[in-house]
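What follows is each chain in one-letter form.
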Amino acid sequence: MQQLTEKLVSWLREQVTGAGAHGVVVGMSGGVDSSVAAVLAKRAFPDSTLGLLLPCHSSQTDIEHAYLVANKFQIPTRLISLDSVFDALLRLLPSGGFDPATKKMAEANLKPRLRMATLYYFANRLRYLVIGGGNKCELGVGYFTKYGDAGVDLLPLGNLVKSQVWELAHYLDIPREIIDKPPSAGLWEGQTDEQEMGLTYEQLDRYFTTGEASQEIRKRIEEKIALNAHKRATPPVPPF
């Protein structure tokens, strides 16, 4: 883990310096992925890392966990509550004339997109790059919001499966309560990653590291990979 940490920190410095940027901004959700990304960022840029806490009808526990990491690793933070912005946007948007089944996810996806816009406001003002916390499992099956939490400049955890992120979190001494809580995107109360995906991280880790899975699990994973291929690609342009 020491070697991996050093390589990731070095990679972050190279990417940011190569882009002519002055530092990094990272959204701190209180989850393990964003916590690991924030600590790596702080190691790479001790004097030019900004953590943004961007609650949007979020749980108080998640906010407290984000502050735990920020305080422990001395990461400067700003808290920008997006509750009122989210509510105002929903009031402006039409609610009728749509399939009711699409309402929950459409509204939930507004939250990471509002966070993305806020992260880039600070990044533009500071001439920083935006670091995301997506891991290999989430990116592989498309478990992220397009132009939301995937709207970032750098993904230092993008080649790590979830078990590797947890192992790295232990090495970095991320608070145990963050490591142990069920992973969640915080899209709505009680939401968890594994419940929403219908897959466990253990199953995803095994598939993405060894290619092994039961026939049923393989089918479900590969269906998600195919269905969400557009999320991982740049917008297509005509070949003529």
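Everything below is about the structure shown above.
What you see is a predicted model; the values in this text were computed from it and never measured.

Visitor: Describe helix 10 (residues 201-210), listing the residues and the values that go with them.
Guide: All of the buried residues in helix 10 are Y201, L204, D205, Y207 and F208. Buried residues of helix 10 fall within an arc of 165 degrees about the axis and therefore sit on the same side. Buried residues along helix 10 sit against helix 6 (136-141), helix 7 (162-172), helix 9 (193-197) and helix 11 (215-227). One or two steps after helix 10, the chain reaches G211, where phi turns positive at roughly 80 degrees.

Visitor: I'd like to hear about the packing of aromatic side chains, residue by residue, with values.
Guide: A complete count under the given rule lists three aromatic pairs for this structure. With a centroid separation of 6.2 Å and an interplanar angle of 85 degrees, the aromatic rings of W166 and Y201 are classed as edge-to-face. In this pair, W166 sits in helix 7 while Y201 sits in helix 10, placing the two residues 35 residues apart along the sequence. Judged by its relative accessible area of 1%, Y201 falls in the buried class. Judged by centre distance (5.2 Å) and plane angle (90 degrees), the rings of Y207 and F208 are edge-to-face. In this structure, K162 is placed above the aromatic ring of W166, and the distance from its NZ or CZ to the ring centre is 5.7 Å. Geometry around F144 places K231 over its ring, the cationic atom sitting 5.3 Å from the centre.

Visitor: Provide a residue-level description of the layout of surface pockets, including the pertinent values.
Guide: The volume enclosed by the second largest pocket comes to roughly 310 Å³. Around the second largest pocket sit L90, L93, P94, S95, F98, D99, P100, T102, K103, A106, E107 and L110, which together line it. Its residues placed into classes, the lining of the second largest pocket shows seven nonpolar, two polar and three charged.

Visitor: Outline unusual backbone geometry, listing residues and values.
Guide: In this structure, Q74 takes a positive phi of about 55 degrees despite not being glycine. Relative to the elements of secondary structure, Q74 occurs in the loop between helix 3 (60-72) and strand 3 (77-79). For R127, which is not a glycine, the phi torsion comes out positive at approximately 60 degrees. Here R127 shows up in the loop between helix 5 (103-126) and strand 4 (128-131).

Visitor: Could you give an account of the packing of helix 4 (residues 83-92) against helix 5, with specific residues and numbers?
Guide: Interhelical geometry of helix 4 versus helix 5 gives an angle of 130 degrees and a closest axis separation of 11 Å. With respect to helix 5, the axis of helix 4 lies oblique. Crossing geometry of helix 4 relative to helix 5 is assigned as right-handed. Counted together, V85, F86, L89 and L90 of helix 4 and E107, L110, K111 and L114 of helix 5 form the full contact between these two elements. Of the residues contributing to the contact of helix 4 with helix 5, the split by class is six nonpolar, no polar and two charged.

Visitor: Any chance you could break down the environment of K136 for me, citing the residues and the numbers?
Guide: Note that K136 resides in helix 6. Residue K136 is classed as partly exposed on the basis of its relative accessible area of 28%. Taking the C-alpha atoms as reference, K136 lies 26 Å from Y67; in sequence the two are 69 residues apart. Once residues lying within four places of it in the same chain are set aside, the contact partners of K136 are L157, G158, N159, L160, V161 and F208.

Visitor: So what's going on with the environment of F73? Residues and values would help.
Guide: By secondary structure assignment, the location of F73 is in the loop between helix 3 and strand 3. On the accessibility criterion, F73 (18% relative accessible area) is buried. C-alpha separation for the pair F73 and K42, spaced 31 residues apart in sequence, amounts to 7.8 Å. Apart from the residues lying within four places of it in its own chain, the contact partners of F73 are V39, K42, L172, D173 and I174.

The rules behind these values
- Residues numbered from 1 in each chain as written.
- Predicted model: local features only at pLDDT ≥ 70, side-chain atom pairs only at ≥ 80, totals over all residues.
- Heavy atoms only, no water.
- Buried < 20%, exposed > 50% of the residue type's maximum accessible area, 1.4 Å probe, protein only.
- Helix = DSSP H or I, 4+ residues; strand = E, 2+ residues; numbered from the N terminus.
- Arc of directions from axis to C-beta.
- Contact = heavy atoms within 4.5 Å.
- Phe/Tyr/Trp six-rings, centres within 6.5 Å; stacked < 30°, edge-to-face > 60°.
- Lys NZ or Arg CZ within 6 Å of the ring centre and 35° of its normal.
- 1 Å grid on protein atoms, 1.4 Å probe; cavity = no way out; pocket = protein on both sides within 12 Å on 5 of 7 lines; lining within 4 Å.
- Points joined across faces, edges and corners; volume = space filled by probe spheres on them.
- Nonpolar A, V, L, I, M, F, W, Y, C, P; charged D, E, K, R; others polar.
- Axes fitted to C-alpha atoms, helices over the stretch in contact; angles between N-to-C directions.
- Parallel < 35°, antiparallel > 145°, perpendicular 65-115°, else oblique.
- Left-handed = near helix turned anticlockwise from the far one by under 90°.

None of this, on its own, says anything about what the molecule does.
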